[in-house]
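Listed here are the chains, written in short residue letters.
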Amino acid sequence: MREYKSEEEFLKDYDSSKFEKLSMTTDILVFSVSDEIQENYRKLNKKHFSILLVKRNDYPFKGKWCLPGGFIKIDEDIEDSAKRILANETNLHNIYLEQLYTFGNPNRDPRMRVVSTSYMALIDKNKLNEKISESSSWFNVNLLEDNEFIDITLNNGRETIKLKIKKVLKEKTTNRYQYEVLKNDRLAFDHPLVIISGISRLKNKLEYTDIVFNMMPKYFTLGELQQVYEVILGKKLLDPAFRRIIANKVEKTSKIKTGGGHRPSVLFKYKESDKK
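What this report covers is the structure whose coordinates are included nearby. (Residues numbered from 1 in each chain as written. Predicted model: local features only at pLDDT ≥ 70, side-chain atom pairs only at ≥ 80, totals over all residues. Heavy atoms only, no water.)

### Considering the packing of aromatic side chains
And then number 1: Using the criterion set out here, one finds 9 aromatic pairs in the structure.
And then number 2: Residues Phe213 and Tyr270 carry aromatic rings whose centres are separated by 4.5 Å and whose planes lie at 20° to one another, so their mutual orientation is stacked. Taken together, the residues Phe213 in the loop between α3 (191-208) and α4 (222-233) and Tyr270 in strand β12 (residues 265-270) connect sequence positions 57 residues apart.
And then number 3: Exposure remark for Phe213: the relative accessible area of 10% places this residue in the buried category.
And then number 4: The class for Tyr270 is buried, based on a relative accessible area of 8%.
And then number 5: Among the aromatic side chains, those forming a connected cluster through ring pairs are Tyr4, Phe10 and Tyr14.
And then number 6: The aromatic ring of Tyr219 is capped on one face by Lys255, whose charged end is 5.1 Å from the ring centroid. (Phe/Tyr/Trp six-rings, centres within 6.5 Å; stacked < 30°, edge-to-face > 60°. Helix = DSSP H or I, 4+ residues; strand = E, 2+ residues; numbered from the N terminus. Buried < 20%, exposed > 50% of the residue type's maximum accessible area, 1.4 Å probe, protein only. Lys NZ or Arg CZ within 6 Å of the ring centre and 35° of its normal.)

Set out below in structure tokens:
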């Protein structure tokens, strides 16, 4: 083996053609919680947990739904590519993003070897000033989970997508699961795995971060905030337990919510001074 005197000499002689090539993509999982207006004006508006999907116009998986995603340019930062692709495919700009997971099964894309770095985005879609693209649609998420299986139903009011996923405990000490898709009738690529991974991450982060406030308006009642926690976690929270969870995350304002048949309620806001 030749010995090189410097890194410059090594790089000049380096032959990258001996390595197989792969392509890099990014997929973005956009979560939101929004209101469904109740007929009974004395009740709080029902909350819906939803994700944003895009219908594919090209092969492979033409006509199927997928997460917003695309190929990363050779000279592009990964997060910059996620922002660019999200804007191009959905018309959404300047929203919260955090890296989720890297998916690299050799068979995840029928075209070539593709590794995807996924991102998770959180928004309050009631505050959106931009209209999403015509190929995009919000799907409400209904999730049923037991010790072994997860059933997910996605519905946008016109189409329904059903997913069934098997859970296998991968690491007992950290309660990490590996997921296997048993049923997927309408989603492209391995995006059911991205979706369940993102939902799992979001549920876990509700307990130890302030991530949920990326989905909230500036001012809100504690009842509205509790609804958001409950619709994401998929379970009812006891009021005292919930108040302990958010005690150091919110502050009371002098504003009052009135009207709509409800008793006047104090409005709270996120403690901006604590935001990292």
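### What to know about unusual backbone geometry
And then number 1: Between Tyr59 and Pro60 the backbone carries a cis peptide bond, its omega angle lying at 0°.
And then number 2: Position of Pro60 relative to the elements: it lies in the loop between β2 (46-55) and β3 (65-66).
And then number 3: Its identity is not glycine, yet Phe61 carries a phi of approximately 65°, on the positive side.
And then number 4: Inspection of the secondary structure assignment puts Phe61 in the loop between β2 and β3.
And then number 5: In this structure, Asn91 is a non-glycine residue whose phi angle is positive, near 70°.
And then number 6: Relative to the helices and strands, Asn91 is located in the loop between α2 (78-90) and β5 (96-103).
And then number 7: Assessed through its relative accessible area of 31%, Asn91 is described here as partly exposed.

### As for a nonpolar patch on the surface
And then number 1: A surface patch of nonpolar side chains, about 480 Å² in accessible area, is lined by Tyr4, Phe10, Leu11, Tyr14 and Phe19.
And then number 2: Checked against the element boundaries, Leu11 lands in helix α1 (residues 7-13). (Patch = residues over 30% accessible without salt bridge, like charges linked within 9 Å, V, L, I, M, F, W, Y side chains within 5 Å. Areas by Shrake-Rupley, 256 points an atom, 1.4 Å probe, with all protein chains shown as cover. Salt bridge = Lys/Arg side-chain N within 4 Å of Asp/Glu carboxyl O.)

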